[in-house]
Structures are given as C-alpha cells and as structure tokens.
Amino acid sequence: TWTTVNVVEEQVALIKEQVGDKRAICGLSGGVDSAVAAALVAKAIGDQLTCVYVDHGLMRKGETEQVEKDFVAATGVKLKVVDAEERFLTALAGVSDPETKRKIIGREFIRVFEQAQAEIIADEGPAVGFLVQGTLYPDVVESGGGTGTANIKSHHNVGGLPDDIEFELVEPLRKLFKDEVRMVGQELGLPEEIVQRQPFPGPGLGIRIVGEVTKERLDLLREADAIAREELTLAGLDREIWQCPVVLLADVRSVGVQGDGRTYGHPIVLRPVSSEDAMTADWSRLPYEVLAKISTRITNEVPDVNRVVLDCTSKPPGTIEWE
Ligand code: XMP
C-alpha cells in the first residue's frame, strides 16, 4: 500500500544504497520538488549532502533571499549559493527559440554544478559523484521519458540535460505526482510555506519571456509578476489556483494611450490555472475585481507595459507555460 511513511522508508534505503559513503550535491530551486528531494536525501546520508542554489538571474523577486533563509532554517542542510546571472544571460543572448532556451539553461545548470563540485572538493575533500534532482513523474513523461526527444517540451532537469554529464543522478521523486510530493514533504516535517508553494519551473522567467531574454526584460517581468502574486495572495487565492505564470510578450507591441499620449509597449499575459497534477489544467475563473486590480497596477507601475491580457485556454490545447 502507498503511504508516505513507506515512500520515505523505501527511498531512504535506496538512496543509502546508491550513494554509499560517497557524497552528493543537490540542486535547490526554492520549489517544493527540490526541497523535498533534498530533505529525503539529507535524511538518508546526512552531511554527505551539500545543497547548491544557482541564482541564474531568472528568479522572481525576493526568491533567492527566501531560499537562503527558509530552507536552511527548516532543514539545517549545508547550502552553497552560486551567483551565475552573468553566465546564464550571456549563454541566452540572442536566443528566442523555446527548446533552445531550455537546453541552454539545462546545460548551464550542470556546468555550474560541476564547478560547485570542484569547489566543494577543494574545501572539504573526497569526491562528489551524485547529483540529486527533484524530477517528478510528469516531468519525465512530458520530456519523453529521458530519451532525449521531447514529447512536449524538455524539462530542464530531464530532456534539457547535456550528454556529457559527469554526475550519476539521484532522483527519489521520479515516480511521484506533485500532491504526493507535498505529502512526503509534510511527512519529513518541512514547513507549510515550502510544502504548499505553487510550482515554478526550473528555467524560471527565461521561459516566460516570449522572445530574447535580456536583463531589462527580466526586470520588467519581475515587477509585473510580483504585483500579480501580491494581489492574488491579498485576495486569498493562493490555495485555489495551482499557479499563475505571468508572461512578457517581448516580441509583440501594441499602441496604447497613457499619461500625455501615445505609447507603443508590450503586453503582459496572466495565465492562472487550476490543476491536480499539471498534466491537464483548466484556466482559473478569477474574480473580475482581482483581474482589474492586477491590470491597473501593472500598467501603472511597470514601464513599457501598456496592456494586460488573460489567457483563457485549458491544457490541452495550451500548455501551462508559454514555452
Ligand atoms: P507545462 O508548461 O508543460 O508545465 O504545461 C507543467 C508544469 O511543469 C512546470 N514546468 C517545469 N518545471 N522544469 C521544471 O522544474 C521545467 O523545465 C519545467 N517546464 C514546465 C510548469 O510550471 C507546470 O507546473
């Protein structure tokens, strides 16, 4: 029978067997999946684990600080934070194609982990052979089962991985769905703020800019996203919606009128969805007042944005993210 206690016991035993007395690093993204994977592995191998948080510059407002504070407080694991913004933005310069972006981001993650591993070895001695990832069952399915050919899109931690990877992967959540991962997280004693967090993709805002990813565009999107999140939280809708991607259509412009005259700016798309497991989703019927508030604030407060549109497409036919 499936119980969280059984899952934890079984995975802890498997991880112990796989890693032995070697060491592992775990890529932490701030999301539920990597947090639960890290907590499971920490339970199995204790301080043979070091968590690595890569700040790729594609995170939302305040996210890095939150990981540094909350996760360490909750688990006591060793955390290494790597500032890799310049590296990722340089690698993404000039790229608009979604799958190319995903592959670049997946590759750069691994290169940063390899570098982090070298530093950890230099600081603490013996080799690190294992990379822990919070890959879930739906990630595997939608990436084509790790066969290298994406069915739908290459999740950064499955189809987006480079071929010449130096690590052996540890993926204790590979058979689980999100709701199960949340239950396992609870069983492991992780706090509500982590366990109930809405999903956020590893490639971050990099796949929420339709067009080339630049620092200026990321800053715009970060502002718009922060406003949407703040208003959704104020309206008490966090538990009701599964997640609400906020997307910048950087390659689209439309005419508007703001302040003294004509503007020629970009649209922001709100994509609130409800879902059980992200494999299918329905668009959330948010209250008009909440949509109105978000729209007014974004167009008033975010420069270069003169329109807010609502994505009322289910999955299928749309995916949750736009890329
Ligand atoms: P889609 O866009 O495929 O998204 O309908 C399904 C769920 O997965 C998240 N997502 C990702 N998560 N790495 C992740 O960790 C990725 O590369 C990735 N791509 C999409 C998405 O936010 C949604 O919850």
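Numbering of residues begins from 1 in every chain and follows the order in which that chain's sequence is written. Under the rules for a predicted model, residues below a pLDDT of 70 receive no local features and side-chain atom pairs below 80 are neither given nor counted, while totals for whole chains, interfaces and linings still include all residues.

**A closer look at the overall build of the protein**
Note the cut-off: Secondary structure counts use DSSP, requiring at least four H or I residues in a row for a helix and at least two E residues in a row for a strand, with both numbered from the N terminus. Only C-alpha atoms enter the radius of gyration, while the globule expectation follows 2.2 Å times N to the 0.38, with N the number of residues. Here a residue counts as buried when 20 or more other C-beta atoms fall within 10 Å of its C-beta, as exposed when 12 or fewer do, and as partly exposed in between; the C-beta atoms come from the backbone. What counts as a contact is two residues whose backbone-derived C-beta atoms lie within 7 Å of each other.
Secondary structure summary: the protein contains 10 helices and 12 strands in total. Taken against the 2.2 N^0.38 rule, which gives 20 Å for 323 residues, the C-alpha radius of gyration of the protein at 20 Å falls within 12% of a compact globule. A principal-axis box enclosing the C-alpha atoms of the protein has dimensions of 65 × 40 × 35 Å. The 323 residues of the protein split such that 41% are buried. Counting only contacts in the protein whose residues sit at least 6 apart along the sequence, the fraction spanning at least 24 positions is 75%.

**Regarding the domain arrangement of the protein**
The following threshold applies: The start and end points of each domain follow an automatic or database-based domain assignment. Each residue gets one of three labels, nonpolar for Ala, Val, Leu, Ile, Met, Phe, Trp, Tyr, Cys and Pro, charged for Asp, Glu, Lys and Arg, and polar for the others, Gly among them.
The domain boundaries assigned to the protein delineate domain 1 (4-195) and domain 2 (208-310). Here the C-alpha centre of domain 2 lies 28 Å away from the C-alpha centre of domain 1. At the interface, 14 residues of domain 1 touch 11 residues of domain 2. Those elements that place two or more of their residues in the side of domain 1 that touches domain 2 are helix H4 (85-92) and helix H7 (178-187). Partitioned by chemical class, the residues of the side of domain 1 that touches domain 2 number six nonpolar, three polar and five charged.

**A short note on the packing of helix H2 (residues 32-45) against H7**
For clarity, the threshold we go by: Between the N-to-C directions of two axes lies an angle of 0 to 180 degrees, each axis being a line fitted to C-alpha atoms and, for a helix, fitted only over the stretch in contact. Angular relationships are summarised with four words: roughly parallel below 35 degrees, roughly antiparallel beyond 145, roughly perpendicular across 65 to 115, and oblique for the angles in between. Should the near helix be turned anticlockwise from the far one by less than a right angle, the crossing is termed left-handed; should it be turned clockwise, right-handed.
The interhelical angle for the contact between H2 and H7, taken along N-to-C directions, is 45°, at an axis separation of 10 Å. On the basis of their axis angle, the class for H2 and H7 is oblique. The way H2 lies across H7 gives a crossing that is left-handed. Contacts between H2 and H7 involve Val 32, Asp 33, Ala 35, Val 36 and Ala 39 on the former and, on the latter, Val 181, Arg 182, Val 184 and Gly 185.

**Thoughts on the packing of helix H1 (residues 4-19) against H2**
Where H1 contacts H2, the two axes come as close as 9 Å, and the packing angle between them is 65°. For H1 against H2, the interelement crossing comes out right-handed. Contact with H1, carried on its side by Val 8, Gln 11, Val 12, Ile 15, Lys 16 and Val 19, involves Leu 40, Val 41, Lys 43, Ala 44 and Ile 45 of H2 and no other residues of that element. Partitioning the contact of H1 with H2 into residue classes produces eight nonpolar, one polar and two charged.

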